[in-house]
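# Structural overview
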Amino acid sequence: MKSEILYPGAFPMVRVYLNEGETVKAESGAMVAASPTIDIESKMEGGFLGALSRKMLSGEKFFFQTLRASRGAGEVLLAPTVPGEIVLLDLDGVNEYMVQKDGFLAGTEGVKIESKMQSLTRGLLGGEGFFILRIGGTGRLILNSFGAIHKIELKPNEEYIVDNSHLVAWTSTTTYNIEKASSGWIASLTSGEGLVCRFRGPGVVYIQSRNPGSFGNWIRQFIPVSE
Amino acid sequence: MTSIPNALCFGDGLPGAGAPCHVTVSADGLIMVPVGTSPLVEAAIAFTAMSVEAGGLDHDQLVVSWGVGASVRTLYLKDPALILAFRHAAPSVLMAHLERAAEQVRRVRHSHRALWGSAVGVVVGLGLLLWFGADLIVEWAVARIPVEWEQKLGETVYQDFLSKEPVIKEGPAVSAVQEMTQRMAAKIPNNPYTFQVSVVQSPVVNAFALPGGYVVVFTGLMKKAESGEEVAGVLSHELNHVLQRHGMERIVKMMGLAAVVSILVGDQQGLIGLARQLGLELATLKFGREQETEADVTGIRLLSDARIAPDGMIRFFERLSEKDKERVELFSSHPMSAARAERLKAELAALPKQTPEPFTFEWKGVQDSLGVSEAKK
Ligand SMILES: [Zn+2]
């Protein structure tokens, strides 16, 4: 299994080569094109059939596709929905990343993904969502961002503060606290706006150079209001 | 020649994400061997030269540091077996320090909790109870949520979801699920919900309902079903989750304290904001076994009341349990479905016999409108 980034920059794609029988797990809708030897298996946890499942508390991502080279070797082209960079990370079984939900693009075979419920205070305060993905195992993890991806390396005990809507991923050796609730208790609790994360190393934090929420608000002013 | 790392080493000149290495415990310390090409050099670290503490995101990693100035190195160990071996081999002085650190962590957590306590007063008690799963409080809180809130909440997530998925707007498939839903809705006395059903183009064989009565059926399920009655069975089950407010119960349970506070202070926006963060996870909420049984039983009664042949639901369960044996991957294994089918048969036998009325559509035609079956492979 090999993978590479095509057209690095704002509008990249990833090419993943699969040998016969190999699979790659991708965010649903990420597949742009594939060789005819590739089959798509879609899956959704929960819902009517999820309830029939034995593992009542499994934590797979809500929607993803498994692309399998079932009829011979082939390649798959994957791209994120939003304009922004892609980063490839190699997992060796010991490193582990916490990934904000929209940051996951794909993972090769051997990459383990579980969604992790945030601890009460962290989760409710963090705008990155109630669930984050905890990704480990071995293989290649492919992340995407909105805008450029910037990597922050932290030495042991070194701290850094990040606006939490700019978060993409961070290593599990890095701890963090959410700080500064700007406007009222419930308001910031529920919107997650105006909150920052104080990270403490060692480890790496990946951030995105654009804020999807702010961009959405900016766009909204140009959309005529019907009614 | 070790190739599988079990620890990460941090320090000047090493990669920011840590240098992978293999650590073993010896009688008087640790032996660290770098894995792969690495600026790290093999080292033996004596227990007497190191300090230890708990670290990492969940405070479940053992952090070992040694050296001074620019040569300080910090190891993060996560493997429980390795940490256990370390605990056994390390002198008690070193471990005493770790225990102190662990105590400190507990104290910090405790003081955080105290802070919350002063902020929300007596509600913390309720929250903690919730946290430990007091179903009574969940029911109490859910009973206090107005249906309009529930609808707004469900609709928010529903619209978010539909805006990202290819929705089939009209045609035989849409008319079919609407007919099924209307026939059932007409038989629900004092129904506070207006059900909305959408058909989404996807090979996923599934369907789900959001609180407030918003239902999504995937074309994958419609292609798999052999009759309209089978789909109606799934819908009936899902509608009953809505009617019994199972989703709200799960949400309140998951969001715990904050949800109860929002409900208590009448903060509708707050509750919706919280639910929005849950987003699509709302649809993946796993209901409890009791809730599933309840939805099954009330589901088959509703089918019977609406004069929709209720054996469709049973047949669908049975077929799924057969399929499961061969298609483990797609559905995960669920020995439950066979048992559920049995239970439903017993329930059906106890119901008064009704003469089923067929639907106005022809199921084959509905399926044909969905195009070539991609789910068959
Ligand atoms: Zn159910």
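Residues numbered from 1 in each chain as written. Chains lettered and ligands numbered in written order. Predicted model: local features only at pLDDT ≥ 70, side-chain atom pairs only at ≥ 80, totals over all residues. Heavy atoms only, no water.

### Regarding the coordination of the zinc ion
Residue and element names in this part refer to chain B. The zinc ion binds to the protein through H237 (NE2), H241 (NE2), E292 (OE) and E292 (OE), with metal-donor distances spanning 2.0 to 2.7 Å. Coordination geometry of the zinc ion: the 4 donor atoms subtend angles of 52 to 136° at the metal centre, consistent with an arrangement described as irregular. Coordination of the zinc ion draws on donor residues from a single chain, spaced H-x3-H-x50-E in sequence. Here H241 is found in helix 8 (residues 228–243), whereas its partner E292 is found in helix 12 (residues 289–305), with 51 residues between them in sequence. For H241, a relative accessible area of 2% gives the class buried. (Donors = N, O, S within 2.8 Å, 3.2 Å for Na, K, Ca; no water. Tetrahedral: all angles 85-135°; square planar, octahedral: opposite > 155°, others 65-115°. Helix = DSSP H or I, 4+ residues; strand = E, 2+ residues; numbered from the N terminus. Buried < 20%, exposed > 50% of the residue type's maximum accessible area, 1.4 Å probe, protein only.)

### Things to note about the pattern of salt bridges
The final tally for this structure, using the stated rule, is 16 salt bridges over all chains. For D39(A), the salt bridge is made with R71(A), and the minimal N-O distance between the two is 2.3 Å. Taken together, the residues span a long stretch of sequence, with D39(A) in strand 5 (residues 39–44) and R71(A) in the loop between strand 6 (63–68) and strand 7 (74–78) at a distance of 32 residues. Looking at D39(A), the relative accessible area reads 13%, which means it is buried. A salt bridge links E96(A) to K78(B), with the shortest nitrogen-to-oxygen separation between them at 3.2 Å. With E96(A) in the loop between strand 8 (86–92) and strand 9 (97–99) and K78(B) in the loop between strand 7 (73–77) and helix 1 (80–89), this pair bridges two chains. Through salt bridges that share partners, E4(A), R15(A) and E75(A) make up one connected network. (Salt bridge = Lys/Arg side-chain N within 4 Å of Asp/Glu carboxyl O.)

### Looking at the sheet that holds strand 9 (residues 196–200) of chain B
Residues and elements named next belong to chain B. Pairing is mixed in the open sheet, where 4 strands are placed in the order 8-9-11-10. Pairing within the sheet leaves two strands with one partner each, and these edge strands are strand 8 (167–168) and strand 10 (207–210). The pairing of strand 8 with strand 9 spans 2 bridges and is antiparallel. Its bridge partner being in strand 9, I168 is matched across the sheet by V199. Across the sheet, helix 8 is in contact with strand 9, strand 10 and strand 11 (214–218); its angle to strand 10 comes to roughly 20°. (Pairing = 2+ DSSP bridges. Contact = heavy atoms within 4.5 Å. Axes fitted to C-alpha atoms, helices over the stretch in contact; angles between N-to-C directions.)

All quantities given are derived from atomic positions and should not be read as evidence of function.
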